[in-house]
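Residue-level listing of the chains:
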Amino acid sequence: MKIVGIAGSPRVGGNTEALTSIALDEICKEGLETELISLAEKKIDPCDGCGSCRKTQKCHIKDDFETIYAKMVDACGIILATPVYYGAATPQMAALISRCYAHRQNRPFENKVGGPIVVARRAGQNFTFAQLMFFFMIQGMIVPGSTYWNVAFGREKGEVMNDEEGLRIVRNFGRKLAWLAKKLNS
Ligand SMILES: Cc1cc2nc3c(=O)[nH]c(=O)nc-3n(C[C@H](O)[C@H](O)[C@H](O)COP(=O)(O)O)c2cc1C
């Protein structure tokens, strides 16, 4: 059983990666395999709306998407984490989500577990959380709760580690995700 955590920040070693690792560490402690995938330094172009995927069930754009997508399909759970950029998910994360449209008819994520994690400096976190939830809901995935929404605050690299409540929420989310994955896959 493997859970992948996808950090959608273009900044290497930033707050989103740190928070995603914290959730994955908890999942690892529960005995599940984990992998952190950072979208920093990856090339994922946005969907160009050509519509050919409705016939072929494949995206014609050749970049890093297919490799990441294959890991998402292979996993039993997916965490999508993003910093807030202008009140929303990063372009990198939005591109990943929109490219998954290509395979929607196959319902490849049906009944997998998952959930969002959001990092903000000050505002836009609730909208961004909801934006990521649209992905999990339309894909027929199952999302566990936590003690609060999975949001933490920080601006400079590593600052999020000072948000003790945010860290507690994300750790709890990781434990609940592992619990749910084990229940559903036993
Ligand atoms: C282009 C850009 C736009 C941003 N927009 C927002 C915003 O709308 N709201 C907010 O609270 N923080 C905003 N931030 C701050 C980031 O969300 C914050 O620094 C976050 O910790 C970055 O995560 P990272 O270290 O994983 O890259 C923005 C940062 C950048 C670079």
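Parameters and conventions
- Residues numbered from 1 in each chain as written.
- Predicted model: local features only at pLDDT ≥ 70, side-chain atom pairs only at ≥ 80, totals over all residues.
- Heavy atoms only, no water.
- Near = heavy atom within 4 Å.
- Polar contact = N/O pair within 3.5 Å; in protein donor to acceptor, adjacent residues only side chain to side chain.
- Areas by Shrake-Rupley, 256 points an atom, 1.4 Å probe, with all protein chains shown as cover.
- Helix = DSSP H or I, 4+ residues; strand = E, 2+ residues; numbered from the N terminus.
- Nonpolar A, V, L, I, M, F, W, Y, C, P; charged D, E, K, R; others polar.
- Core = buried A, V, L, I, M, F, W, Y, C linked by side-chain atoms within 4.5 Å.
- Buried < 20%, exposed > 50% of the residue type's maximum accessible area, 1.4 Å probe, protein only.
- Contact = heavy atoms within 4.5 Å.
- Pairing = 2+ DSSP bridges.
- Axes fitted to C-alpha atoms, helices over the stretch in contact; angles between N-to-C directions.

Chemist: What's the story with the site of the ligand in this structure? I'm lost.
Modeler: Looking at the ligand, there are 17 residues lining it, with Ser9, Thr16, Arg122, Ala123 and Gly154 nearest. The backbone of Ala123 places a nitrogen or oxygen atom 2.7 Å from a nitrogen atom of the ligand. Contacts to the ligand include Arg155, whose backbone N or O atom sits 3.0 Å from an oxygen atom. Against a free-state accessible area of 650 Å², the protein chains account for coverage of 77% of the ligand. At the level of secondary structure, the elements contributing two or more residues to the shell around the ligand comprise helix 1 (15-29) and strand 4 (113-120). By residue class, the composition of the shell around the ligand is seven nonpolar, six polar and four charged.

Chemist: Help me understand the nonpolar core in this model?
Modeler: One recurring pattern in soluble globular proteins is that nonpolar side chains are buried together. Core analysis: the biggest nonpolar cluster contains 28 residues, and Ile6, Met72, Leu80 and Leu96 have the highest contact counts within it. Elements represented by at least two residues in this core include exactly strand 1 (2-7), helix 3 (65-74), strand 3 (77-83), helix 4 (91-99), strand 4 and helix 5 (125-138). Top element by residues in this core is helix 5. It accounts for five residues. Ignoring sequence-local partners within four residues, the contact set of Ile6 consists of Thr20, Ile37, Leu39, Ile68, Met72, Ile78, Ile79, Leu80, Ala81, Met93 and Leu96. By size, the runner-up hydrophobic cluster in this structure holds 22 residues, among which are Leu32, Val113, Ala152 and Leu167.

Chemist: Would you mind going over the pairing of strand 3 with me for this structure?
Modeler: Here is the key point about a regular strand: its side chains alternate between the two faces of the sheet. For strand 3, the tally of buried residues reaches seven of seven residues, placing the bulk of the element in the interior. Neither face of strand 3 is left uncovered, since the one carrying Gly77, Ile79, Ala81 and Pro83 and the one carrying Ile78, Leu80 and Thr82 both have all their residues buried. One ladder, built from five bridges, connects strand 1 with strand 3; its direction is parallel. Counterpart to Ile3 in the pairing with strand 3 is Gly77. In the sheet, strand 3 pairs with strand 4 via seven bridges, with the strands oriented parallel. Along strand 4, the bridge assignment pairs Leu80 with Pro116.

Chemist: Sorry, what's going on with the sheet that holds strand 5 (residues 151-153) here?
Modeler: Each strand in a sheet pairs with another by means of backbone hydrogen bonds, the pair being arranged parallel or else antiparallel. Strands sit in the order 2-1-3-4-5 across an open sheet of five strands; the sheet is parallel. Each edge of the open sheet carries a strand with a single partner, namely strand 2 (33-38) and strand 5. Strand-to-strand twist across the sheet, computed as the mean angle between neighbouring axes with direction ignored, equals 15°. This element, helix 1, spans strand 1, strand 2, strand 3, strand 4 and strand 5 of the sheet and lies at about 170° to strand 2. Relative to the sheet, helix 3 contacts strand 1, strand 2 and strand 3, its axis offset from that of strand 1 by approximately 140°.

Chemist: Sorry if this is basic, but what is going on with the environment of Arg11 here?
Modeler: As for its placement among the helices and strands, Arg11 is situated in the loop between strand 1 and helix 1. Classification of Arg11 by relative accessible area gives partly exposed; the value is 32%. With 27 residues separating them along the chain, Arg11 and Ser38 place their C-alpha atoms 9.1 Å apart. Leave out the neighbours within four places in its chain, and Arg11 touches Glu17, Ala40, Arg155, Glu156 and Lys157. Here Arg155 takes part through its backbone oxygen, which lies 2.6 Å from a polar atom of the side chain of Arg11.

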